[in-house]
Amino acid sequence: MPPETARPASPRPAPADPFTLRPARVHEAEGRGKRAFALFQAARHPGPVIWILPGHLPELPMLRGLPEGVGPRLHLLRPGSEVDLLWSAEEALRSPAPGLVIAEPEKELSLTAGRRLQLAAEGGRTTGLMLIREGQGSNAAETRWRCDPQAAQGRDSTPQAWQLIKNKSGTCQDWCVNWNGATAAFHMVSEACERHKPAQAAP
Amino acid sequence: MALADARAICPELASRPADLVQEAAALNALRRWAGRYAPMVARDGSDGLIADITGVPHLFGGEDALREDLHARLDRAGLAAQSGIAESRGAAHALARHGGGILPEGALAKGLAHLPVTALRIDDGTAQALVRMGLRRIGDLAGQPRAPLARRFGPGLVLRLDQALGLQPEPVSPEGEPPHFGVRMSLPEPIGLQDDVMAALTRLLERLSAKLAAQRRGARRLRLELQRVDRETATVEIGLARPMRDPGRIAALFARGVDEIEAGFGIEALRLVAHVTEAMAPEQIGGPQGGPSPEDALADLFSRIGNRLGFDRVLRLLPAHSSIPERSFLVAPAAYSTAQGAPPRQGPERPLVLFPPEPALTHGMTRPGQPPASFRWRRMAFTTLRATGPERIAPEWWFDDPNWRTGLRDYWRVETAQGPRLWLFHTPQAPGWQVQGEFA
Amino acid sequence: MTAYAELCVTSNFTFLTGASHPEELVIRAAELGLEAIAITDRNSVAGVVRAFSALKELTRLRDEAREAAGPAIRSRRVTDHSARQEVDLGTTDAPQIPPDLELPRLVTGARLVLADSDTDWLALPVDVAGWSRLTLLLSLGKRRAEKGDCLLHMNDLLEACTGMMLIALPPDPFATRPDDGALRRMHQRHPGRCFVGAAPRYDGRDQPRLDRLAALSQATGLPMVAVGDVLMHRAARRPLADVLTCLREGCTIDGIGTRRLPHGEHRLKPGHEMARMFHRYPAALRRTTEIARACAFRLDDLRYQYPDEAQDGEPAQDRLERLAREGLHWRYPSGPPQTITARVDKELRLIDDMGYAPYFLTVHDIVAFARSRGILCQGRGSAANSVVCYLLGVTEVPPESITLIFERFISKDRGEPPDIDVDFEHERREEVIQWIYDRYGRHRAGLTATVIHFRSRAAIREVGKVMGLSQDVIARLSGQIWGHSSSAPDDDRMRDAGLDPGDDRVRLAARLVSEIIGFPRHLSQHVGGFVITQGRLDELCPIENAAMEDRTIIEWDKDDIDALGLLKVDILALGMLTCIRKAFGLLADHRGLRLDLANVPTDDTRVYDMLCRADAIGVFQVESRAQLNFLPRMQPRAFYDLVCEVAIVRPGPIQGGMVHPFINRRQGKEKIEDLGPAMMEVLGRTYGVPLFQEQAMQIAVVAAGFSPSEADRLRRSLATFKRMGTIGAFRDRFVSGMLARGHAADFAARCFAQIEGFGSYGFPESHAASFARLVYVSAWLKCHHQAAFTCALLNSQPMGFYAPAQLVRDARDRGVEVRAVSVDHSSWDCTLEARPDGALALRLGFRQIKGLREEDAVWIVAARGNGYPDVESLWRRAGVGPDTLERLSEADAFAPLGLSRREALWQARALRAPAPLPLFGSDGEGGAEPQAHLPQMTLGEEVIEDYLSLRLSLRAHPVELLRPRLEGCLPHSILNDTARPVQGRAAITGLVITRQRPGTASGVIFLTLEDETGSANVVVWTKVYERFRKAVIAGRLLRVRGRLQRADGVTHLIAEQIEDLSPWLSQLGRPVVIETNDGRADETRRPPGGSIRGSARHPREQAKRLFPSRDFH
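Residues numbered from 1 in each chain as written. Chains lettered and ligands numbered in written order. Predicted model: local features only at pLDDT ≥ 70, side-chain atom pairs only at ≥ 80, totals over all residues. Heavy atoms only, no water.

### Examining the overall build of chain C
For the record, the criterion: Put simply, DSSP marks the helices as runs of H or I at least four residues long and the strands as runs of E at least two long, and each gets a number from the N terminus on. Residue exposure (1.4 Å probe, protein chains only): buried if accessible area is under 20% of the type maximum, exposed if over 50%, otherwise partly exposed. Contacts are assigned to residue pairs with any non-hydrogen atoms lying within 4.5 Å of each other. Residue burial considers only the protein chains on display, and all accessible areas are found by Shrake-Rupley using a 1.4 Å probe.
For chain C, the helix and strand inventory stands at 48 helices and 23 strands. The 1113 residues of chain C split such that 60% are buried. Of the contacts made within chain C by residues no fewer than 6 positions apart, 74% connect residues no fewer than 24 positions apart. As presented, chain C carries roughly 43000 Å² of accessible surface, and 50% of it is formed by carbon and sulfur atoms.

Okay, here's the thing in structure tokens:
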């Protein structure tokens, strides 16, 4: 079987909810929960997913822990340098093949780099998501998200605080959702997320 | 004889598994080389060559000289060989395998008489049956009436006998060359501009692509050799994420490499070889709307990235069967693997991200059998809010994994008051807590 | 400590699954202080008796420790603290049982695995009735399935499971939804007896899992109970459990993947650990002990009822007494002696007291049936040690001729069941077996099982495969195992096989091999032990189908049956009885003699003369190499000498080092030591040396201070003691007992070694006497009727120690004319033909021809008429196929027709059509074929062809033909010539006939070589063996140089140099057939990676096929 046929037969369009990323644009996410957010997006985007992870990072996505259906579609690029990383991201965005390109640049994105990525995304009509360090984003990004896992109050809940902190074509907003890491489905806890719940003692 | 028996008799016996494919390839190479002795050379079984040297020997100064020349050359190449020259193919075959030599014309029957019947290219059963009758040598058979022989041993024996004795003709038929995917071009005027080189390359690619298409193959690796006027050769090699023979798409991948070539005083010849090829079905050139299909587009992307980063940096995740977390999946080059359905998400929960264990500093007392109430990890303080576990995983005892020398691990999913949900484990034999993953 | 009873334990009697012996589990449960342990194997109760015996042994140990009855008897390890420390380190010694230990109760049951549900059920009988229903249910499932399998459905359980505690083991609630319907139905049917078992899995989800199971329990009304789902007694068995999984699944350890055990938590656990796991459900833990207490059934509750064997209203005892009276008349036509009548009365009284009359009647009836069919049989065994058995015709040894110890017969206080084995002709035993099934019905009679254990060879092969050792390494490793060894390969062996013993993988493999040795692999049928009951046998024990058609077996083996006190009749097969019956038949036909076992003339000096000369090839028991050497030293002159002879060359006396003292004392070279009147009464008749099992037991009583019942338990429970590691305690006690009574330490140690040796191979005196009877009868036949004897031996093959070639040769040496196989004269069997001088000649039968079928032989004889004129006539008249004709040709069976081998073969080869053509001539026209010219065979070729086809030659001995090349080699006859003994060193050459490495002779190998003049004995010491290993193991024709050693008329050559001349053999006849082939012929059928020159054979390989030897271990 050629690798690409692992793509679902009939790609479902992403549901029109506040977390839908505008296609053919580059977006940014920061915070401790940015990878969870990226995988959440990966589950929502049909087609091959390309995750560009600096080669020296110890972290790897764990196949058995990925959202359903993402594993076979996921491709990892492990460039050895930041230059290669940006070049790969640009190449990937310019190609029409990927459904989503996730990249983890380690340095602040220069304005030029941001623009180039944005142009590439438009050229390839591919959506990109840059997982950036706090405050190292680029002005060219379409949206920027701040994502943090939240301590859960009850059992069996996996709350995430997702804040839209920059939006070129709309308003910013905060959400608190329960996303268990298994499917693309999520459960909205409240419109405005309450922070810093009182901690419970361990059982 | 079984190998183990042979070893019992001769413990020093060195043995290797037979590599039939390699052997056949080597024999084939030898066959092409043997073309110097005869126009018609064919393989003879899996360990021999047969050549029709009719009319050739005088070129070498006679049959003896030809045979000597052959052995001398083979000797120099470090090959041990046996050879025989005779009037019939069967006789030459028999002779070569039983001492070798040359049978002068008209001496077939006499020359073969002392050889065992097995030299006749007959099956084991027939040979055994003949020996049981006392018919051991070809000479014993040659004098027998043919009809009773045929009645008892089938027409095959008589045919083989007559072929060896030259009473039945048996021609040597040549074999076709295996396809070779290389094209070359000499230029009337040296060229130096990148566009010129690319134009020449495109023409070469078109020819190569036609060759590949005729054999239903696709290139996996290509090498472009550029011969400069100063006799220096520059080489550009590219890999492809999957077999391909579309000239346009391949040319695009060469662009970067060609760009880096020093043309010097100019390039006067080009040679393009697809040295690694794979079978490729004839359909699928181009996508539905004229542009490349999504599969091709992804392959192109990976070829481009692979040629710059290296194909070992373009990866995918494959499931593996192990309960050891870090061995429960493989990270494999995407160009050399196919995607596999992910394992069903059953059993205990697994984190989204896994990394080599990092110590969690617990500073002080921890309750036995329970995760620490607070700990520091990556220079941050965490307070345990809730923990589920333990999931006990013992090392794979038959496999010495240095990471698992500390013995079994008790894995816990720890929800911290700070938000992150972490995968911690405890090793009772070397007490300590480690963080190895992070959940959504 | 938290009270806990483990109710779900899979022992290794769930084959290839459980990783601990039942004994280990019970011992561990005791160490952990569990309140009870259940053994619940998968659809089986095969392991429960082992556990039961183990617990009994623990109880004994504990009681012993408690009583502390005296320093001589008390086990050291219980009192001596430092010794216990030592024991801690060792692995073979006894478990440590402190005197105050509460032993666990044993709950017997089974885990019922259903074909139509993924919920398993633990069925734990509460009483005998429940047990019976369980065994009935298992029998039902097993009888409807293939061997070793069991097919049960939910509905069977609903019907059958009354009187049991039932614990449902639903599948993992996280994987599938449990079938609560089944639970409810079961609960409805068996209210108050059903539970839901909750087993932790240690996968991080145990608490939510327990919550879900608790919810299931709530919803269905079945209370939740904690179980451990135990697979092993300690976590250290995890590797072995994984290896077993690989064996079960047919994968290697590297391919086991997630099927392995992720951890070692499926082990027996103490109560407090379970309590921690179930801290939120303490009731589930408490319930385990409640259930265990409710299961009051113990295996010794089984009330076994033997068939009453009353006939026509005549009670068993009356019938037995009547038959015994009748026996007195026919056994002693002139009136029985006083001692006999008194003894009979005593025996009958005892039998009456014990109620064993039916047992004797059963044996009597079986023997009577066999007699009525003309099947020879003879009884032996402890209870056969009686006058009653002689009178019933079960045994043939007159009670006057041996000592019958009344206590050995049956003893009152032991309550031990009587034991009689009956040997039958091996070819006709099946008739007797089927008669027993018919008479009692399959629900009342079953064969006992034999547990097939992993032994070295299988362990190396299977574990090696799992551990990824290469095929040829495995072959070499296991090829070095000589016989049924039970030890793991040591470092030298591994180095020999090309393995590095320091390599981790190799070390692991070696450890696992030693661990798996002794593990049960599957159940097979016992050679012939029948258990018969009055009521239903399947209410006692599950009955399953055996691999053989028409056989049914129970799940327990003979030790288990012993432990439970069930009666067993052994219906055994003995090749010699077949042979004797056939010889009797031949003598009746040709000599008009009407012989049976009872009326063969006794005390014939010529027979003893012959045996003293060690002229005993073919004679029962004494024909083995060791016995042949022993005979001239023993110089048997009376029947009792034969009894001793049979008993002495056995593992028991050999291990006990009793052979030399015995023979020295018999020859008067050593004084018989006076051991005191009590001992001399026991040992007097055997020169103060214990030979027989009962003597060893009596020593335990008389000299070591055991009570009779203890001594007997020692013998009976040897197997259990060895498994439990408590044998050492007995040894201490035995030896110190004997020391205390003034016997030498060395003698005491040897006596004990002998008892250990007797455990598996012991011969009681009556046993030996029964065998000696057959020795005498077969020796008598050989002495007086060699032709008939050899003929019968050949017709009873395979049996005995020698191959047909040696038997035929022996007959010819003794002047019997042996005639070749002939299509005009032979039958399937070998026959006797009258010679003009009145002697009998032996005609070889078609059965000697390799590959010939009996059916063809019958047709050849039937269509023979006045003989066959040519090859084709056999084809036409007897309808024999071309293949068979070729086989006949190769056997030279057409010689009487004037056709040589090759001519006959040439003719046969022409007849290739599957059926004869109707009219003349194969080509229709009847035209004569042109003559072919086939070269004539040399003598060497003829001999080789003879061996190829018949495995013997009447023409010449191969060595005879090679003699010109064997300069300096002595013929064997000169070697053995006692008149002019050769001294010093000598070289001999001969074919290897037998190779022996007795387990008792510390690695020494005995070879028997044969040349045209006779045979010779070669002794190869270990050192020489190591040097010439290849020749010794693989050689067929050997030249041996060495030192001659002569003792008591037997000459041995102590090998110093050994040379393998096997290739010479193939130079005699056909040359090495195929030298090479062109590769074309077999290009397509060459196996991948297989041999390229498939047919090229090494001369040695050829010799191996031509001259097979019999290798004994």
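Resuming the write-up.
### Brief notes about the sheet that holds strand 6 (residues 217–228) of chain B
Residue and element names in this part refer to chain B. As a reminder, the rule being used: Paired strands, as defined in this entry, are two strands with at least two bridges between them according to DSSP. Every angle, taken between N-to-C directions, lies between 0 and 180 degrees, and every axis is a line fitted to C-alpha atoms, over only the stretch in contact when it is a helix.
The sheet built from four strands is open, its strands ordered 5-8-6-7 with antiparallel pairing. For this open sheet the edge positions go to strand 5 (182–191) and strand 7 (233–244), each flanked by a neighbour on one side alone. For this sheet, the mean inter-axis angle between neighbouring strands, taken without regard to orientation, is 15°. Here strand 6 runs beside strand 8 (residues 267–279); their pairing, made up of ten bridges, is antiparallel. If you follow Ala 219 over to strand 8, its bridge partner there is Thr 277. Sheet contacts for helix 11 (residues 194–214): strand 5, strand 6, strand 7 and strand 8; angle to strand 5, the most-contacted strand, approximately 160°.

### Digging into the environment of Gly968(C)
Turning to its location among the elements, Gly968(C) is positioned in the loop between helix 43 (958–962) and helix 44 (972–975). Taking C-alpha positions, Gly968(C) is 8.2 Å from Ile988(C), a pair spaced 20 residues apart along the chain.

### Here we look at a negative patch on the surface
The criterion, for reference: Patches here are clusters of residues that have more than 30% relative accessible area and form no salt bridge, with a 9 Å joining cutoff for like charges and a 5 Å cutoff for nonpolar side chains (Val, Leu, Ile, Met, Phe, Trp, Tyr). Definition used for salt bridges: Asp or Glu carboxyl oxygen within 4 Å of a side-chain nitrogen of Lys or Arg. Note that His is not counted, nor are the chain ends; the positive residues are Lys and Arg, and the negative ones are Asp and Glu. Every charge is mapped onto a representative atom, which is NZ of Lys, CZ of Arg, CG of Asp or CD of Glu.
A surface patch of like charges, here negative, comprises Glu63(B), Asp64(B), Glu68(B), Glu87(B) and Glu105(B). Assignment of secondary structure puts Glu63(B) in helix 4 (residues 63–76).

### Considering helix 2 (residues 48–67) of chain C
What counts, and what does not: An expected span of 1.5 Å times one less than the residue number is assigned to each helix.
With 20 residues, helix 2 of chain C should reach 28 Å at 1.5 Å per residue; the first-to-last C-alpha distance of 28 Å fits that figure. Counting buried residues along helix 2 of chain C, 15 of its 20 residues qualify, which places the element largely inside the surrounding structure.

### Thoughts on unusual backbone geometry
For the bond from Gly389(B) to Pro390(B), the omega torsion is -5°, close enough to zero to count as cis. Cis geometry marks the peptide bond from Gln797(C) to Pro798(C), where omega comes out at 0°. With respect to the secondary-structure elements, Pro798(C) resides in the loop between helix 36 (786–795) and helix 37 (804–813). Look at Leu16(C): it is not a glycine, yet its phi comes out positive at around 60°. Within the secondary structure, Leu16(C) sits in the loop between strand 1 (5–6) and helix 1 (22–32). Positive phi outside glycine occurs at Gln635(C), with the angle close to 50°. Among the structural elements, Gln635(C) can be located in the loop between helix 25 (625–634) and helix 26 (639–648).

### Topic: the nonpolar core
All names here are of chain C. Note the following rule: We define the nonpolar core as a collection of buried residues of types Ala, Val, Leu, Ile, Met, Phe, Trp, Tyr and Cys that are connected through side-chain atoms lying within 4.5 Å of one another.
Ranked by size, the top nonpolar core spans 134 residues in total, and within it Leu 112, Trp 121 and Trp 556 carry the most contacts. Of all the elements, helix 14 (residues 357–372) adds the most residues to this core, at nine residues. Setting aside anything within four residues of it in sequence, one finds Leu 112 in contact with Asn 43, Asp 120, Trp 121, Ala 123, Leu 134, Leu 137, Leu 138, Leu 152, Leu 157 and Cys 161.

### Comments concerning helix 42 (residues 939–950) of chain C
All names here are of chain C. Here helix 42 contains twelve residues, and its C-alpha end-to-end distance of 16 Å stays within 8% of the 16 Å for a straight helix at 1.5 Å per residue. The element helix 42 is extensively covered by neighbouring structure, given that eleven of its twelve residues are classed as buried. Those residues of helix 42 not exposed but buried are Gly 940, Glu 941, Glu 942, Val 943, Ile 944, Glu 945, Asp 946, Tyr 947, Leu 948, Ser 949 and Leu 950.

### Side note on the sheet that holds strand 7 (residues 224–226) of chain C
Residues and elements named next belong to chain C. In spatial order, the strands read 1-2-3-4-5-6-7; together these seven strands make up an open sheet with mixed pairing. The open sheet terminates on both sides in strands that have one partner only, identified here as strand 1 and strand 7. Bridging between strand 4 (residues 120–125) and strand 5 (residues 164–169) involves six bridges; their strand directions are antiparallel. Each bridged residue has a counterpart across the sheet, and for Leu 124 the counterpart in strand 5 is Met 165. Those strands touched by helix 5 (residues 128–143) are strand 3 (105–112), strand 4 and strand 5, and its axis lies near 30° from that of strand 3.

### Digging into the packing of aromatic side chains
Going by this rule: Aromatic rings from Phe, Tyr and Trp, taking only the six-membered ring of Trp, are treated as a pair when their centres fall within 6.5 Å; an angle between ring planes under 30 degrees marks them as stacked, one over 60 as edge-to-face, and anything in between as tilted.
All told, the structure shown has 34 aromatic pairs over all chains when counted by the stated rule. With a centroid separation of 5.7 Å and 75° between ring planes, the pair formed by Trp33(B) and Tyr37(B) is classed as edge-to-face. Centre to centre, the rings of Trp131(C) and Trp556(C) are 6.2 Å apart; their planes meet at 15°, and the pair counts as stacked. Separated by 425 residues along the polypeptide, Trp131(C) in helix 5 and Trp556(C) in strand 13 (residues 552–557) bring together distant segments of the chain. No difference in accessibility class separates Trp131(C) from Trp556(C), as the two residues are buried. Put simply, the rings of Phe19(A), Phe37(A), Phe40(A), Trp145(A), Trp162(A), Trp175(A), Trp179(A) and Phe186(A) touch in pairs and so form one group of aromatic residues.

### Looking at the pairing of strand 6 (residues 194–198) of chain C
Residues and elements named next belong to chain C. The following threshold applies: With strands facing away from the observer, any crossover in which the path from the first strand over the helix to the second runs clockwise is taken as right-handed.
With respect to burial, strand 6 is a largely interior element, five of its five residues being buried. Between strand 5 and its parallel partner strand 6, the chain crosses via helix 7 (residues 180–189), and the hand of that crossover is right-handed. Examined bridge by bridge, strand 6 and strand 7 share three bridges and lie parallel to one another. From the neighbouring strand, Ala 198 faces strand 7, where its bridge partner is Ala 226. Once the chain exits strand 6 it traverses helix 8 (residues 206–220) before rejoining the sheet at strand 7, and the crossover so formed is right-handed.

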